[in-house]
Every structure is written in structure tokens, then in C-alpha cells.
Amino acid sequence: MPKPILLSVDDDTDVLRAIERDLRSQYGAEYRVIGSDSPEGALDLLKQLKVRNDTVALLLADQRMPRMDGVEFLQQAMGIYPGAKRALLTAYADTNAAISAINHASINYFFLKPWDPPSEHLYPQLDDLLDDWQASFRPTFQGIRVLGTRWSPRCYELRDFLARNRVPYEWTDVEASANDPETKRLLEALGPEAASLPVVLFPDGTKLLESAPADVAQKVGLRTRAQTSFYDLAIVGGGPAGLAAAVYGASEGLHTVMIEREAPGGQAGMSSRIENYLGFPTGLSGADLARRAVVQAQRFGVEILSQEAVGARAEGPYRIIKLADGNELSCHALMIATGVQWRRLEAPGIDRLQGAGIYYGGGATEALSCKGEIVYVIGGANSAGQAAMNFARYAERVIILVRGESLASTMSQYLIDQIKETANIQLWTRASVVEAHGETHLEEISVLCSDTSKIERVPASAMFIFIGALPRTDWLASVVERDERGFLLTGPDLIRDGQRPKGWTPERDPFLLETNVPGIFAVGDVRHGSIKRVASGVGEGSVAVQFIHQYLSKV
């Protein structure tokens, strides 16, 4: 943690250097000593320190300064750092002013100039002041701070990005905490920049206004450019299948890069609880599983890029990936593990309020915000059940809406049992959302009951949608064969009437997890016919590496 600051202000540079020298001599080991030769400059400096979230323990100002005396400076500085101890440096003639300031202006102490020797006339009194300050001091958060509003889609996107990439941050909702004195002081220190939400403040004092995830990724050190232009194995997608392939490939000597456009973990990384994964009898969160896998992959030397793949092609023995920033990577073997995205709910108001009360997926960053509210979960698969259990810890009521008659055909029994035993979770069957209402954020939804054909309009603070998933494979449409829904065809699914795929050149059939392009493999949820479970994705990712070794032995 950075040292707390002792700030001295005096327009006489000789006096300023003397007080800085004495302060640094006695307190330099525990405090950072800073000086300013003007009260106006000192106030600007305090605003910068506030934005950086630095701590100020002591303000020591000369009384006689042009344009602004010491008392006025300390009064204004108190509005920025009210917890800092405040002291005046005065001449004997200013003693009455100093005493008046103590009585009426909340000044803690005054020192007469000259203060020699400091061991008698400076340090004992400062020791008392600083001991008193330390007794009530609470360390501030030292990390990234995000300022925004709960109902801003851009703020939600940014918070979700940071959370899923396991970047620690402190969130301040400037609307919800509008009456908080510390928030007011921070916004005042930012000045007009406070209107450019979301604002991201970094410990080094820099800030990003109207921030986007790509800008923050570069600033926090997430790798966006590859170290080299060629790899043995390139994996597009960082879900369980991609991470498993990365671990097995790199551990067996393949120079491996993994390209992930959002955050390692994929949809599984957004799950609040996975309880049926082998080896974790008490369950674990998707974020924890992703974190463990990323550490494991990096230990074997896997390079992880925060980038988006937008195209692919084959050139002789090389497979080329085009990235969103215009750069290209080449590899001998390419694995597609991009998973799936939640299918969109088509109803009036849904798109307009997305990120402002309506969310696709687990929405882990929103769980605490739902305290005491009514939350709707749309869908009946395991992911919906896990989310409902998570939100039930905070929300007043969680309502699961499904089109079918029950959860039996879509959800694991252990989750069904947990939901039945949770008092504040309700299940509405044969129900669907037909409209979302609200001006700046979700306020109500219209629910259609298929039994009665009646539509009921009900209050809703947040709605999380889990209604099936589709692959995002349009960027591969001209290269890799897909089924009618966009899932990638592999292995036996490519053999039609005993014939290998068009353009296939090797004297063998495609491997089990290989696409119609030799050396391009597909694993996990993006693959046609895959089992949509974390364990199966991990299995496919690891098994595919064996086929890749066989392919590379002939390249």
C-alpha cells in the first residue's frame, strides 16, 4: 500500500524546504512528504491525489500567503480530505489568528516559526496528531475503480469484462451513492470528467473516460498481441474445451496460443455453481474452474490473447487466423472451441433494455445489486437453475419461467430438488415473456400463460435469459462445413454416402474431431452433436490433442 502523505504548503521556498527536510527526517520511513509553494497548486494536487485514491494524513500550511491564507486553504482542503489532520505555521504576530482558527475553523494545531529544535517544537506535537489520525485510519482500496450507473449497458459490459477476467476492481454507482460524502468529493475532484461514464480510475493516477473493455484490457496488461507469428497449435475460444486443449497441447510440447475475445471460461465461467463436475464434491463456481485452468495453462507456457478471430483460411500446410485488429497468426493446427452464445429472446423492449435490467447469462456481477428485489430467470436448463439458486441468496423472490410443463426434461434432478427446497424461488410453467417495459431500465414484464392465453403484467427488477444457445461461426462460413444451425461438422458427420468431404486431400478419413479442412479441429459446444456439459467439453479438448499429434506427424 502507498504511504500516507504529509503535505506542506508555504510560498517561501526556503521555509518550505526546511519543513520538508524535517518532516522527511522524522517521518519519511512511514509517510510520503510532499510540498507545494502555492495554496492553489496544493488544492489542485489534492484533487489529483483524491482521484488516485491516495491517503493524506496531514496538511501543514503557512498562515501568511498571497491570494489565500493558510486558514482558507485548510478549510478548502478539508472539503477534499476531511480526515486529514490540519495545522498552521505562524509567526508570533499571528498567534491570535491561529487560536481563532482552532476554535472556529477546525484547525487541529499551530506551530510557531522558527520551530528549532524540531525535537522539542515540532515532532512531539506532530506525533500526537499522527497517532490520533492512525487510530481512525482505514486503508483505502488500492486498485482499479469503476464509476458508473447500474442501469448503463456500457457500465455492465465493462464490469462483466473485469469480473470474468478476474481483474479486481471497486465499483461505485454514482446514482445510488449520490448522498455519500466520499463519492461527492471524488466527483468534485474529477470535475467535468465525471460526466463521461463509465470512468475507470487506475492506481497510477491515469483514467479512462467512457471506457470500453478493449481499452481497459490493454491498460491492465491483458495480452492483445501475439509474441510470435507462428504456433504449432492455435486455439480459438477459451471455454472448458479450449482450456483443456491448451493444457494438454502445451504440456506435450506444442507451442500453443489461445485466442479469447471475452474472458477465459466461456459460458461455463459465468456459472455461479457447478456441482456435478468430477472431483469437486462440494461444487465450484465457473469462475473458479476457469481461474484454475488458466493458471494451469500458463504454467505450461500457453500464450493467452485477449482478441477476436474474424477469419480463417488454409495456405498449404499452414492455417491462418485473421484477428479483429488486422493482424494475422499462422499455425500448423487450428482448433475451434468458441462454444455458443445465448439465443436471443424476441419480444418488444428486450433489446432496448439489454444491460439495463435484462441480461443474457449468469450475470454474476449483478447478484448483489438484486438484494431485496424481484428477479426473473427465463429458461429451464442447468444454467438457469444454477443462476436461480445464486440470485435467491440476495433477491426477495426469484421466479423461473419455462414454456414446458416442468423442469424434469431439461434440468438435472439435484438442481430441481434444491429449487423445491428454496422458499423464495417460484416456478411458473407454461409461461413466456412477450414484452419488457421500462424507460431507462427494466420495471415490468408481460407474461403469457399458454393455458389461459392471458397476459399478465408484473413488476420485475431484473431478468436473466437462458433459452438455449447458438454458435457464432459466421466467420468460418466459407471455410468450414456447418449444419443448418451453424454448428461445425466433424469426423463421421462429414462422410456422406461413403464419400469424404469435397476438397479433402489426405489418404484417410477425417479424424473424429476434425472438420472438412485437414488440420482444423472443432471441440466443445460449437461442434455438431456435442454434449453440452462442462465435462464433455474438457474431454473433447483433451482427446483432440491426440488427433492433432497424428496430423502434425504427417505435415
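(A) Region of interest: the overall build of the protein. Helices and strands together make up the secondary structure of the protein, namely 14 helices and 26 strands. The principal-axis extents of the C-alpha atoms in the protein amount to approximately 105 × 65 × 40 Å. A total of 555 residues make up the protein; the buried ones form 54% of that total. In the protein, once contacts between residues fewer than 6 apart in sequence are set aside, the share between residues at least 24 apart is 64%. For the protein, the accessible area works out to roughly 25200 Å², and carbon and sulfur atoms hold 49% of it.

(B) Looking closely at the pattern of salt bridges. This structure, assessed with the given rule, holds 31 salt bridges. With a closest N to O distance of 2.7 Å, R313 and E315 form a salt bridge. R313 gets classed as partly exposed once you look at its relative accessible area, which sits at 32%. Of the residues examined, E315 reaches a relative accessible area of 41% and is grouped as partly exposed. The network of salt bridges with common partners includes R150, R159, E366 and E373.

(C) Structural context of the sheet that holds strand β3 (residues 56-62). Reading across the sheet, the five strands line up as β2-β1-β3-β4-β5 and stay open at both edges, with parallel pairing between neighbours. Each end of this open sheet is capped by a strand with a single partner; those strands are β2 (32-36) and β5 (109-112). On average, each strand axis in the sheet is inclined to that of its neighbour by 20 degrees, with strand direction left out of account. The pairing of β3 with strand β4 (residues 85-90) spans five bridges and is parallel. Paired with L58 across the strands is K85, a residue of β4.

(D) Spotlight on the pairing of strand β1 (residues 5-9). Of all five residues in β1, five are buried, a share of seventy percent or more. Burial of the side chains of β1 extends over both faces: I5, L7 and V9 are buried on one face and L6 and S8 on the other. By the bridge criterion, five bridges tie β1 to β3 in an arrangement that is parallel. Pairing of L7 across the sheet is with L59, part of β3. Inspection of the sheet shows β1 paired to β2 by five bridges, in the parallel sense. When the bridges of β2 are listed, L6 appears paired with V33. For the handedness criterion, the β-α-β arrangement of β1, helix α1 (residues 13-27) and β2 is classed as right-handed.

(E) Representation of the environment of G404 within the structure. Looking at where G404 falls in the secondary structure, it is placed in the loop between β19 (397-401) and α13 (413-421). The class for G404 is partly exposed, based on a relative accessible area of 32%. Along the primary structure G404 and S285 are separated by 119 residues, whereas in three dimensions their C-alpha atoms are 28 Å apart. Apart from the residues lying within four places of it in its own chain, the contact partners of G404 are T429 and R430.

What counts, and where the lines are drawn
- Residues numbered from 1 in each chain as written.
- Predicted model: local features only at pLDDT ≥ 70, side-chain atom pairs only at ≥ 80, totals over all residues.
- Heavy atoms only, no water.
- Helix = DSSP H or I, 4+ residues; strand = E, 2+ residues; numbered from the N terminus.
- Buried < 20%, exposed > 50% of the residue type's maximum accessible area, 1.4 Å probe, protein only.
- Contact = heavy atoms within 4.5 Å.
- Areas by Shrake-Rupley, 256 points an atom, 1.4 Å probe, with all protein chains shown as cover.
- Salt bridge = Lys/Arg side-chain N within 4 Å of Asp/Glu carboxyl O.
- Pairing = 2+ DSSP bridges.
- Axes fitted to C-alpha atoms, helices over the stretch in contact; angles between N-to-C directions.
- Right-handed = clockwise from strand over helix to strand, strands pointing away.

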